[in-house]
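Spelled out from the first residue to the last, the chains are:
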Amino acid sequence: MSENLLEKEKLDRQVMALRTAKEFEDGLCVNLGVGIPMLASNFVPAGREVIFHSENGVMGYGEITLPGEGSLDLVNAGGQTVHPQPGMVFFGHDESFAIVRGGHLDISVMGAYQVSEKGDMANYMIPERKIGTIGGAMDLAVGAKKCIIVMNHVTKTGEFRIVKKLNYLPTALNCVDMIVTDIAVIDVTDKGLVLKEFAPGWTPEEVQQLTEPTLIIDPDCGEITLM
Amino acid sequence: MPINKIVSSFDEAVADMFDGATILVGGFGTVASIATCLLEAVYRKGVKDLTTVSNASGFGADVWKLQGAPFPEDMDILVRNERIKKAIVSAPVSALYVNNFEQLLRAGKVELEMVPQGTLAERVRAAKAGLGGVYVPVGIGTVVEEGKEKKVIDGREYLLELPIKADFALIHAHKGDRWGNLVYNGTSRTFNPTMAGAAKVTIAEVDEIVELGELDPEHIITPGVYVDRVVERPKVYDTGDTEITDKQALESLKKFQDDVKKATDK
């Protein structure tokens, strides 16, 4: 793998979140995992009404409050206090996961360590500690109509994260529909991984060099568009 | 005789707790959702070898005191005092730091059964609803499926998940009445109504006890039939200009202020 590709400029977290939020169509119900996915709530395209679900039993909550403001009785799954907004509803845990598992959630966005070409995904085991927390990840991966993974394309040391076969314990098999990375947007299809978009300054060939499975280049493949 | 599920103290509420009991602990991760005073009473009772069923394994009181939580204990009080033999939990460890539970696990002092969060909710609900089990599509192809019956229904694979039967459920609600009817506050609902009625004895710690009839029947979340005991938290007083007269509240406030000082001095 080329050393200089690792050093080449990539998209930052905010831009990855911005690109992810482009998928939030008007009226959809979306669950955001911790990390970059949660940033995406700040980038809902103007004029669209999107309902955010949080596994701890709330739907339709507003933006994250400033530190020290807000109520400890109104928090998202990461424990951050959020603003109430009209239409918001609370429910218990069985109801919360009936929403997730029952296919009532349109999109789940999560981080991951690895995604395979079949859409298998690993994100709960902390590799260096050989321990992890399943939490709601397995339910969200299996239950949502569309599962989007947001992650860096390769590890800090340049190892593949988009792989032929997972070498971490899986969170769920055949569950990922789309991968947004710091250099590309990839659809997971029955035929294989389809490269749809690449970061400015990158080429499909360079994205392929950092991806273990062979990518199918979409006929309309082009530079990432954010709006 | 009028039904009266109200008990006067947390210690009385858990007086029949025993070594080796299985207890459901409601709430999520944040302390506002957790029956903190009941957990403290379980700790004071001195019971050990517990099997606990909860979403998380706790952050510890120090974290919550710094956020100004008046009742700061969570699952960690049973973890750090090594009262747990086995934990059935969805989120046992933190990606951010090594918690007390992880240390016990590494030392071989506690047994872990990790369960996907939705499956945990449904296994608890199955016990409450008198079901022999539920077929769940989550966990196929993962460590979760080990040793479980698989069944294909309408072309999709499911795992048979069995009910979690418990002796006690410790839950936190906002308001309750003498029949045990409960309402909750915001995102502090979480596992509490799911666990109410899923154990032989359900004990509800409430912020406030209200007169029968005061809760709107259209808005009651947990019907009293699921609840055996109701116990009220001490009132939390504004620390501003208000004069505090309640002795217990004064003591807990002083302890709280001392603890915060200690924690911030570290």
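Participant: Is there a simple way to explain the pattern of salt bridges in this structure?
Facilitator: Pairs can form between side chains of opposite charge whenever their charged atoms are close. According to the stated counting rule, one finds 25 salt bridges over all chains in the structure shown. When the shortest N-O distance is used, the salt bridge between B:Glu73 and B:Arg80 registers 3.1 Å. Relative accessible area serves as the criterion here: at 10%, B:Glu73 is assigned to the buried category. Residue classification places B:Arg80 among the partly exposed positions, given a relative accessible area of 37%. Salt bridges sharing partners connect three or more residues here, namely A:Arg19, A:Glu23, A:Lys146 and A:Glu197.

Participant: Help me understand unusual backbone geometry, please; the structure alone is not making it clear to me.
Facilitator: Negative phi values dominate among residues other than glycine, just as trans dominates among peptide bonds. All names here are of chain B. Residues other than glycine seldom take positive phi values, yet aspartate 154 does so here, at roughly 50°. Topologically, aspartate 154 is positioned in the loop between strand 6 (150-153) and strand 7 (156-161). Its identity is not glycine, yet threonine 190 carries a phi of approximately 35°, on the positive side. Mapped onto the elements, threonine 190 comes out in the loop between strand 9 (182-183) and helix 7 (191-195). A relative accessible area of 0% means that threonine 190 is categorised as buried.

Participant: Help me understand the interface of chain A and chain B, please; the structure alone is not making it clear to me.
Facilitator: Interfaces are often sized by the amount of accessible area the parts lose when they come together. Facing the 33 residues of chain A at the interface are 42 residues of chain B. One can count 1 salt bridge joining chain A with chain B. Note that B:Glu102 and A:Arg129 form a salt bridge whose closest N and O atoms lie 2.6 Å from each other. Applying the counting rule to chain A against chain B returns 23 residue pairs in polar contact (both at pLDDT 80 or more). Where the side of chain A that touches chain B is concerned, the elements lending two or more residues are helix 4 (93-101), strand 9 (131-132) and helix 5 (137-143) of chain A. If you tally residues by element for the side of chain A that touches chain B, the top one is helix 4 of chain A, at 4 residues.

Participant: Even after reading the chapter, I still don't get the environment of B:Leu39, so can you show me in this structure?
Facilitator: Residue and element names in this part refer to chain B. You can see leucine 39 is positioned in helix 2 (residues 36-45). Overall, leucine 39 belongs to the buried group, its relative accessible area being 0%. Considering only alpha carbons, one finds leucine 39 and isoleucine 77, 38 residues apart in sequence, at a separation of 7.3 Å. Non-local contacts of leucine 39, meaning those with residues more than four positions away in its chain, are made with Val25, Ile34, Asp74, Met75, Ile77, Leu78 and Leu170.

Participant: I tried to follow the pairing of strand 14 (residues 192-198) of chain A on my own but got confused; where do I start?
Facilitator: Within a regular beta strand, the side chains point alternately toward one face of the sheet and then the other, so they alternate between its two faces. All names here are of chain A. A large share of strand 14 lies buried, amounting to 6 of its 7 residues. Where strand 13 (residues 184-189) and strand 14 come together, 6 bridges link them in antiparallel fashion. Opposite aspartate 187, over in strand 14, you have valine 194 as the bridge partner. Between the end of strand 13 and the start of strand 14, which pair antiparallel, lie 2 residues. Of the strand pairs in this sheet, strand 14 and strand 15 (residues 216-223) are connected by 4 bridges, and their pairing is parallel. Note that in strand 15 the partner of valine 194 across the bridge is isoleucine 216. Following the backbone out of strand 14, through helix 6 (residues 204-209) and into the adjacent parallel strand 15, one traces a crossover that is right-handed.

Participant: Help me understand the nonpolar core, please; the structure alone is not making it clear to me.
Facilitator: Note that soluble globular proteins tend to have their nonpolar side chains buried in a common cluster. With 64 residues, the main nonpolar core has A:Phe24, A:Val30, A:Met121 and A:Ile149 as its most contacted residues. Ignoring anything within four residues of it in the chain, the contact list for A:Phe24 reads A:Val30, A:Leu32, A:Ala40, A:Val44, A:Pro45, A:Arg48, A:Val50, A:Phe52, A:Ile107 and A:Val109. Judged by nonpolar contacts, the second largest core, of 33 residues, contains B:Ala13, B:Val89, B:Phe101 and B:Val231.

Participant: Sorry, what's going on with the sheet that holds strand 12 (residues 178-180) of chain A here?
Facilitator: Strand pairing in a sheet takes place through backbone hydrogen bonds and is either antiparallel or parallel in direction. All names here are of chain A. As summarised here, the arrangement of the 10 strands in space is 4-3-2-1-5-10-12-13-14-15, forming an open sheet in which the pairing is mixed. Looking at strand neighbours, the two that pair on one side only are strand 4 (89-90) and strand 15, the edges of this open sheet. Across 3 bridges, strand 12 lies against strand 13 in antiparallel orientation. Paired with isoleucine 179 across the strands is isoleucine 186, a residue of strand 13. Strands strand 5 (107-110), strand 10 (146-150), strand 12, strand 13 and strand 14 of the sheet are contacted by helix 2 (residues 13-21), whose axis makes an angle of about 150° with strand 12.

Participant: What am I meant to see in the sheet that holds strand 7 of chain B here?
Facilitator: All names here are of chain B. Read from one edge to the other, the open sheet built from 3 strands follows the order 5-7-6, with strand pairing classed as antiparallel. The outermost strands of the open sheet, each flanked by one partner alone, are strand 5 (134-136) and strand 6. Neighbouring strand axes in the sheet, compared pairwise and without regard to direction, differ in orientation by 45° on average. Where strand 6 and strand 7 come together, 4 bridges link them in antiparallel fashion. Within strand 7, the position partnered with lysine 150 by the bridge is leucine 159.

Participant: Sorry if this is basic, but what is going on with a nonpolar patch on the surface here?
Facilitator: Among the surface-exposed residues, B:Phe59, B:Val63, B:Leu96 and B:Tyr97 lie close enough to one another that they form a single nonpolar patch of about 400 Å² accessible area. Positionally, B:Phe59 belongs in the loop between strand 2 (50-56) and helix 3 (61-66).

Participant: When you look at helix 2 of chain B in this model, what are you seeing that I'm missing?
Facilitator: Residues separated by three or four positions in an α-helix point in the same direction, a consequence of the helix having 3.6 residues per turn. Buried within helix 2 of chain B are the following residues: B:Thr36, B:Cys37, B:Leu38, B:Leu39, B:Ala41 and B:Val42. Downstream of helix 2 of chain B by a residue or two, B:Gly46 has a phi angle that is positive, lying close to 85°.

Participant: Is there a simple way to explain the packing of aromatic side chains in this structure?
Facilitator: Here the distance between the centres and the angle between the planes together describe a pair of aromatic rings. All names here are of chain A. Under the criterion given, the structure shown has 5 aromatic pairs over all chains. Ring centres of phenylalanine 52 and tyrosine 61 lie 6.4 Å apart, and the angle between their planes is 40°; on these two criteria the pair is classed as tilted. Owing to a relative accessible area of 10%, tyrosine 61 belongs among the buried residues under this scheme. Relative to tyrosine 168, the ring of tyrosine 113 lies with its centre 6.0 Å away and its plane at 75°, an arrangement referred to as edge-to-face.

Participant: Honestly, the side chain of B:Thr51 in this entry has me stumped. Any pointers?
Facilitator: With respect to the helices and strands, the residue B:Thr51 is situated in strand 2. Ignoring any residue separated from it by four or fewer positions in sequence, one finds B:Thr51 in contact with B:Ala21, B:Thr22, B:Ile23, B:Lys86 and B:Ile88.

Rules of the game
- Residues numbered from 1 in each chain as written.
- Chains lettered and ligands numbered in written order.
- Predicted model: local features only at pLDDT ≥ 70, side-chain atom pairs only at ≥ 80, totals over all residues.
- Heavy atoms only, no water.
- Salt bridge = Lys/Arg side-chain N within 4 Å of Asp/Glu carboxyl O.
- Buried < 20%, exposed > 50% of the residue type's maximum accessible area, 1.4 Å probe, protein only.
- Helix = DSSP H or I, 4+ residues; strand = E, 2+ residues; numbered from the N terminus.
- Contact = heavy atoms within 4.5 Å.
- Polar contact = N/O pair within 3.5 Å; in protein donor to acceptor, adjacent residues only side chain to side chain.
- Pairing = 2+ DSSP bridges.
- Right-handed = clockwise from strand over helix to strand, strands pointing away.
- Core = buried A, V, L, I, M, F, W, Y, C linked by side-chain atoms within 4.5 Å.
- Axes fitted to C-alpha atoms, helices over the stretch in contact; angles between N-to-C directions.
- Patch = residues over 30% accessible without salt bridge, like charges linked within 9 Å, V, L, I, M, F, W, Y side chains within 5 Å.
- Areas by Shrake-Rupley, 256 points an atom, 1.4 Å probe, with all protein chains shown as cover.
- Phe/Tyr/Trp six-rings, centres within 6.5 Å; stacked < 30°, edge-to-face > 60°.

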